[in-house]
Amino acid sequence: MNHSTLISQRPVKIGLRTTLNILFPYLVEKILEQIKSIWFIVAYLCFFQIVVLGLPVIFATMVTAGIAIVAIGLMFFMEGLRLGLMPLGETIGTHLPRKTKLPIILFFAFLLGIGATLAEPAIAVLKAAGSGVKPNQAPLLYSLLNDFALQLVAAIGIGVGAAVALGVLRFFYNWSLKVLIIPLILTLTGLTLWSFNNEILSPIIGLAWDSGAVTTGPVTVPLVLALGIGVCRIVGKGDMTTNGFGIVTLASLFPILAVLILGNFHYLKGDYYGADHYIGQLEPIEEVDNTSQLTSKPILQSEVFSEAEFAHYLITNEIPDETEIQYKGGKVSLVDGQIIHDDTSIIIVKKISQVRPYDDDDWDPQSNFISSLQETATAALKAILPLCLFLFLTLKFILQERLADVQMVIIGIIFAVLGMAMFGLGINLGLTPLGTQLGSNIPSVFASVSPWGMLGQHGPIISDGIGGRLVAILFGFFLGYGATLAEPALNALGETVEKITVGAFRKSLLMQSVALGVAIGIGAGVCKIAFNIPLVYLLLPPYMLLCILTWISSEEFVNFGWDSAGVTTGPITVPLVLAMGLGIGANVPGVSNGFGVLALASVGPIITVLTVGLLVARAQAKMDIENER
Amino acid sequence: MIITRHNMSVVTLIIGRHRAKKVLQDLFADGIHSALLTSARGTLMQDKWYQGILSMIKPELAVIHMIVPDPFVDSIMERAAKHAQLHRSGAGSIFSKPCVDLHIKGTFPLWPIDQEELPEEDASNDLHENLTAIYLISQGERTEAVCRAAMHAGSHGPVILFSEGHGLRDRLGWLRITNKPTKEVVSVLVENVDAELVFSAMAEAGKVQSVGRGLIYRMPVQKGLINIVSVYSQTRHAASIQQIIRAIDDIKGNKDWRHQDSIAIHGGATAGLEFLTKLSPKSTHKPHRLISIIVDRDHSQKVSLQIINMGAPGANINYFQLYIQTDSTQHQEFAQINIVVNEPSAIELEKRILEEVEQDLMIFTQPVTGFIAY
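Just so we're clear, the structure is a prediction, and the values are computed from it rather than from any experiment.

### Describing the overall build of chain A
Here is step 1 of the chain: Counting secondary structure elements, chain A contains 21 helices and 6 strands.
Here is step 2 of the chain: Looking at chain A residue by residue over its 629 residues, the buried ones come to 55%.
Here is step 3 of the chain: Sequence separation of 24 or more characterises 82% of the internal contacts of chain A that already satisfy a separation of 6 or more.
Here is step 4 of the chain: Put simply, chain A shows about 27200 Å² of open surface, and 63% of that area lies on carbon and sulfur atoms.

Here it is, written out as structure tokens:
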């Protein structure tokens, strides 16, 4: 049988049926992947609302639809990253060192950093977190968020730009990430301590640290990672294990520095709200209650007696059940040891019999599907297209190169935009309402509150104040864990780690350690809000611990650990955590804003990843010894 | 212009990744001309349920290919073995496979023809002959099972590489997005006596005979030295299967006993040895060839698609960094496109690739002694 086995060369033509046969298993596999990553957070939130709090899920249909859209959106987005954004970034990364000189590369990296910051609306998140800030309580913070909002964005942008440039420069000279991180942390710690001891400056600490956490989003991270890997494929030196990592870390530390410096600058210049050189409008700007957007509670309305009930009361003179008696006006005096009301109106009010939904809609009547879709689609286009255009132009005109498979990259970019729009919409429809409900209902474990979207009072479920707060902390813990596993940027990072180590380092190991770290961080954040502990006490000791851990860990874990910390706070975690932080904060006296939780959520995973790294290194050293025997 | 070279071999060195750089420097100091480097991982079995979530970190390895004229092979292998300290337990492995022929189109850094012999080394010849290399390429989800089967059948812990698989799906237009390109190559180096056993065990575990599962092939190895760790798991076994087999080898003084069906260690912990008595008749021993094409990485996609359009059933691409003696600050990246086809097709395909592909490339074929795919 000495004939050739080469297949015929005719182009393959297939019909619709075959197309579907090929497409279907692919879609099933991809959607299952996403369901695997989001099921935990969804099941957990529902469980808590229904079983622990004993409340129904409001707008259940909308929430369900939203979550389904999240899964489909994530599927498209992750495929878009795989097919489009990451190959684009990596290709540019490999051509840059071959075609241009170092200064041009650094300039490109700087521009990319700024562009990425502008594309991903971090500032909106910061504004939401600072929505409760009163100008007279925290004047500098208020000014930064309002009067100097543009400068704030610019400072963060320049911070990220400088970070990306430094990160790329590091690859050329093979610097250790440790050597860059530790001095940076010490500087940040010093500045934070200095600010903490100052009444005006201390409120900006939360803003600064959170801005570091939110700048690195689901588009920036994979793009910057891919770029770094590309550059390292060409110029990488050393043991080639951690090539391409580290930029994300720097991009989450530099903005903190930038914001702290900006705050101090305005403090010294004295042109913040209420200070001598303030040039903005002094009259309190009409207070926009942003909190209400996140936790819009319908006003509690009492129920009324009907005419029939009144007639019945007149005849029988029996006070109906489920009522409350109020006394209004008149004089109260102590006569012969008795309290006597004179000329007082006695009012009988009907109590709301039980907690029940405000209305029976399964869909939030205020949420407009079409306009919501338009909004998220615009955001997705803004986040992805300008960046991709910038990359395409760089590739074409500066590098004069072509992509290996342009068609595939374009399909990928379309998928990414589509996915991001859908998954933003799904978050608006599904995860945010669910998270907001729970966030505002969570205080009912330790206080009596009116549940979100419902009439009546609920709670406290645990009358012991401390115990109830502990339950809230526990809730935050698992919320952090589940939300992290669903974060797209972290999933992309995990896949990259697995790919670059040829599977030696599994994605699941990284994801689980990071999720545990975020869980601890968010637990600590809830603790901060519930007991009103200053952020510095919770933030600085872990960072000090980190300096030590970073120093003794292997370069590999330092890169993976710090980078994964930078990506944890993404589009799924942030709305959930903010809703919860604001909800709990509103029920604890003296808490003005929800800042700081995100910063704590990014310090946690670094500690856990580095700790896991040290444990694994120990276990493997032990195993090697046994092998030698 | 096409240059044809005869009597060339591919020497492959597998060592821990952190030592790769140092060993390469030593080898260059000894006079080698070029080396291709890629990364791989070793095997570490996971026996505990929780390791599915919190998996252990597997050993990171480097795979270094050197294309060397036959007269230099022994000398280079001995030097590499010395630099990499391959005599130490778990240090790595080295082996050489002969090429049938090798053609270079355009410029390509390769061993010059007029090179003198390398200075002689002290001949502490630890190299074994009668070895076989086995490669199984699959989508990765069965890698764990394949490794387990291979080790039960007497292999060392397999070395796993990533490769990019291309085939029929790439001809489907936009539907090629459904191609999951990352494939895993499970490779082992075993003694000839074990080869059939390990080969069929791996083929069975990898289910390569079902549609779209992958392929397995084996190649003769000229000389080699295996010293790869084969930690079976973290839990302490009294002794692993291979340790038992090695111990029996030592007692018997040979490996012939392995052919006997009457060995007395069946059942229980040694259940994996069932393959000893069940030699699979399924493998094809019709002569096949492995065609390897080395091109610039930037053009590899295009070239592989072109080759698939010439009728090759499928191609797997491995990416390498090229190290050449002149120490430059930038790496050159190359891709090795591997295709396994039967002998007549190989000759035809090789001819057409040399004629039709425009890019500079190096192409060589190597004999394949067993091949299974759907």
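### What about the overall build of chain B?
Here is step 1 of the chain: From N to C terminus, chain B includes 7 helices and 16 strands.
Here is step 2 of the chain: Every one of the 374 residues in chain B was classed for burial, and the buried ones make up 59%.
Here is step 3 of the chain: Considering only contacts within chain B whose residues lie at least 6 apart along the sequence, 82% involve residues at least 24 apart.
Here is step 4 of the chain: Accessible surface computed for chain B: about 15400 Å², of which carbon and sulfur atoms make up 53%.

### A closer look at helix H3 (residues 143–152) of chain B
Here is step 1 of the chain: Listed in full, the buried residues belonging to H3 of chain B are Thr143, Val146, Cys147, Ala149, Ala150 and Met151 of chain B.
Here is step 2 of the chain: Taken from the residues just after H3 of chain B, Gly154 of chain B is the one with a positive phi, measuring 110°.

### Here we look at a nonpolar patch on the surface
Here is step 1 of the chain: A cluster of nonpolar side chains, contributed by Phe24, Val28, Leu32, Ile35 and Trp39 of chain A, occupies part of the molecular surface with about 510 Å² of accessible area.
Here is step 2 of the chain: Tracing the backbone through its elements, the reader meets Trp39 of chain A in helix H1 (residues 16–52).

### A word on the environment of Thr61 of chain A
Here is step 1 of the chain: Looking at the element boundaries, Thr61 of chain A is found in helix H2 (residues 60–99).
Here is step 2 of the chain: On a C-alpha basis, the gap between Thr61 of chain A and Leu429 of chain A in space is 9.7 Å, while along the polypeptide they are 368 residues apart.

### With respect to the pattern of salt bridges
Here is step 1 of the chain: This structure, assessed with the given rule, holds 21 salt bridges over all chains.
Here is step 2 of the chain: A salt bridge links Arg233 of chain A to Glu333 of chain B; the nearest nitrogen and oxygen atoms lie 2.7 Å apart. With one member in each of two chains, Arg233 of chain A in helix H9 (residues 220–235) and Glu333 of chain B in strand E14 (residues 332–342) form a pair that bridges those chains. Both residues of the pair, Arg233 of chain A and Glu333 of chain B, count as buried.
Here is step 3 of the chain: If you follow the salt bridges from partner to partner, you end up with Glu90 and Arg233 of chain A together with Arg297 and Glu333 of chain B in one network.

### Observations concerning the nonpolar core
Here is step 1 of the chain: Among the nonpolar cores identified, the biggest contains 175 residues, and Leu45, Ile384 and Trp562 of chain A are the most heavily contacted of them.
Here is step 2 of the chain: When residues in this core are grouped by element, the largest group, 13 residues, is from H2 of chain A.
Here is step 3 of the chain: Dropping the residues within four chain positions of it, Trp562 of chain A is found in contact with Ile181, Ile185, Thr249, Leu253, Tyr543, Leu546, Thr550, Phe557, Ile606 and Leu610 of chain A.
Here is step 4 of the chain: Counting 28 residues, the second-largest nonpolar core is a separate cluster that includes Phe72, Met77, Ala80 and Ala84 of chain B.

### Some points on the packing of helix H1 (residues 17–30) of chain B against helix H2 (residues 70–83) of chain B
Residues and elements named next belong to chain B.
Here is step 1 of the chain: Running from amino to carboxyl end, H1 crosses H2 at an angle of 140°, the nearest separation of the two axes being 10 Å. The angle between H1 and H2 falls in the class oblique. Judged by the twist between their axes, the crossing of H1 over H2 is right-handed. Between H1, through Val23, Asp26, Leu27 and Asp30, and H2, the contact on the second element is made entirely by Ile76, Arg79, Ala80 and His83.
Here is step 2 of the chain: Tallied by class, the residues present in the contact of H1 with H2 amount to 4 nonpolar, 1 polar and 3 charged.

### Some words on the packing of helix H8 (residues 204–214) of chain A against helix H10 (residues 247–269) of chain A
Residues and elements named next belong to chain A.
Here is step 1 of the chain: Between H8 and H10, the least distance of the axes is 7 Å, while the angle of their chain directions is 150°. Of the possible angle classes, the one that applies to H8 and H10 is roughly antiparallel. Crossing geometry of H8 relative to H10 is assigned as right-handed. Seen from H8, the contacting residues are Ile204, Leu207, Ala208, Trp209, Ser211 and Gly212; seen from H10, they are Ser252, Pro255, Ile256, Val259, Leu260 and Gly263.
Here is step 2 of the chain: In terms of residue class, the contact of H8 with H10 is made up of 8 nonpolar, 4 polar and no charged.

### Here we look at the confidence of the model for chain B
Here is step 1 of the chain: Per-residue pLDDT for chain B averages 78, and the proportion of residues at 70 or more is 76%.
Here is step 2 of the chain: For residues 259–283 of chain B, every residue scores under 50 in pLDDT, and the model assigns this stretch 35 contacts once sequence neighbours within four places are set aside.

### Structural notes on the packing of aromatic side chains
Residues and elements named next belong to chain A.
Here is step 1 of the chain: With the rule as written, the count across this model stands at 18 aromatic pairs over all chains.
Here is step 2 of the chain: Summarising the aromatic geometry, the rings of Phe108 and Phe390 are spaced 5.4 Å apart at their centres and angled 15° between planes, so their arrangement reads as stacked. Residue Phe108 is located in helix H3 (residues 102–119), and its partner Phe390 is located in helix H13 (residues 369–398); the two are separated by 282 residues in the primary sequence.
Here is step 3 of the chain: What makes Phe108 buried here is its relative accessible area of 6%.
Here is step 4 of the chain: Taken together, a centroid distance of 5.3 Å and an interplanar angle of 50° make the contact between Phe505 and Phe557 tilted. You can see Phe505 sitting in the loop between helix H16 (488–500) and helix H17 (507–530) and its partner Phe557 sitting in helix H19 (residues 555–567), a full 52 residues away along the chain. A single burial state applies to Phe505 and to Phe557, both of which are buried.

### Focus on the side chain of Ser96 of chain B
Here is step 1 of the chain: Here Ser96 of chain B is to be found in strand E5 (residues 92–98).
Here is step 2 of the chain: Discounting chain neighbours no more than four positions away, the residues touching Ser96 of chain B are Val10, Val11, Val73, Met77, Val221, Gln222 and Lys223 of chain B.

### Describing empty space enclosed by the protein
Here is step 1 of the chain: Tallied over the entire structure, the rule returns 10 cavities of 30 Å³ or more.
Here is step 2 of the chain: For the largest cavity, the calculated volume is near 340 Å³.
Here is step 3 of the chain: In terms of lining, the largest cavity is formed by 26 residues, of which the most central are His65, Lys97, Tyr135, Gln336 and Asn338 of chain B.
Here is step 4 of the chain: Of the residues contributing to the lining of the largest cavity, the split by class is 16 nonpolar, 9 polar and 1 charged.
Here is step 5 of the chain: Quantified by volume, the second largest cavity comes out at close to 110 Å³.
Here is step 6 of the chain: Only H8, H10, H19 and helix H21 (597–628) of chain A provide two or more residues apiece to the lining of the second largest cavity.

### Observations regarding the confidence of the model for chain A
Here is step 1 of the chain: For chain A, per-residue confidence averages 80 on the pLDDT scale, and 82% of positions sit at 70 or higher.
Here is step 2 of the chain: Note that residues 283–302 of chain A has pLDDT below 50 and, in this model, 27 contacts with residues that lie over four places away or in other chains.

### Structural notes on unusual backbone geometry
Here is step 1 of the chain: Phi angles above zero are rare outside glycine, and Gln400 of chain A is one such case at about 50°.
Here is step 2 of the chain: Summarising the element assignment, Gln400 of chain A is placed in the loop between H13 and helix H14 (406–441).
Here is step 3 of the chain: The residue Lys207 of chain B is not glycine, and still its phi comes out positive at about 50°.
Here is step 4 of the chain: Within the element layout of this structure, Lys207 of chain B appears in the loop between helix H4 (192–205) and strand E10 (214–221).

### Remarks on the side chain of Thr19 of chain A
Here is step 1 of the chain: Considering the arrangement of structural elements, one finds Thr19 of chain A in helix H1.
Here is step 2 of the chain: Thr19 of chain A has contacts with Ile14 of chain A together with Trp174 and Leu175 of chain B, leaving out every residue within four places of it along the chain.

### Focus: the environment of Ala315 of chain B
Residues and elements named next belong to chain B.
Here is step 1 of the chain: Looking at the element boundaries, Ala315 is found in strand E13 (residues 315–324).
Here is step 2 of the chain: A relative accessible area of 1% places Ala315 in the buried class.
Here is step 3 of the chain: Sequence separation between Ala315 and Ile337 is 22 residues, and the spatial gap between their C-alpha atoms is 6.2 Å.

### Some thoughts on the pairing of strand E3 (residues 34–41) of chain B
Residue and element names in this part refer to chain B.
Here is step 1 of the chain: Among the 8 residues that make up E3, 8 are buried, leaving the element largely enclosed by the rest of the structure.
Here is step 2 of the chain: Residues Ser34, Leu36, Thr38 and Ala40 of E3 are buried on one face, and the alternating residues Ala35, Leu37, Ser39 and Arg41, pointing to the opposite face, are buried as well.
Here is step 3 of the chain: Across 4 bridges, the pairing between E3 and E13 is antiparallel. Within the sheet, the bridge partner assigned to Ser34 lies in E13 and is Ile324.
Here is step 4 of the chain: Of the strand pairs in this sheet, E3 and strand E4 (residues 60–69) are connected by 6 bridges, and their pairing is antiparallel. Looking at E4, one finds that Arg41 is bridged to Glu60.

Calculation notes
Residues numbered from 1 in each chain as written. Chains lettered and ligands numbered in written order. Predicted model: local features only at pLDDT ≥ 70, side-chain atom pairs only at ≥ 80, totals over all residues. Heavy atoms only, no water. Helix = DSSP H or I, 4+ residues; strand = E, 2+ residues; numbered from the N terminus. Buried < 20%, exposed > 50% of the residue type's maximum accessible area, 1.4 Å probe, protein only. Contact = heavy atoms within 4.5 Å. Areas by Shrake-Rupley, 256 points an atom, 1.4 Å probe, with all protein chains shown as cover. Patch = residues over 30% accessible without salt bridge, like charges linked within 9 Å, V, L, I, M, F, W, Y side chains within 5 Å. Salt bridge = Lys/Arg side-chain N within 4 Å of Asp/Glu carboxyl O. Core = buried A, V, L, I, M, F, W, Y, C linked by side-chain atoms within 4.5 Å. Axes fitted to C-alpha atoms, helices over the stretch in contact; angles between N-to-C directions. Parallel < 35°, antiparallel > 145°, perpendicular 65-115°, else oblique. Left-handed = near helix turned anticlockwise from the far one by under 90°. Nonpolar A, V, L, I, M, F, W, Y, C, P; charged D, E, K, R; others polar. pLDDT = per-residue confidence, 0-100. Phe/Tyr/Trp six-rings, centres within 6.5 Å; stacked < 30°, edge-to-face > 60°. 1 Å grid on protein atoms, 1.4 Å probe; cavity = no way out; pocket = protein on both sides within 12 Å on 5 of 7 lines; lining within 4 Å. Points joined across faces, edges and corners; volume = space filled by probe spheres on them. Pairing = 2+ DSSP bridges.

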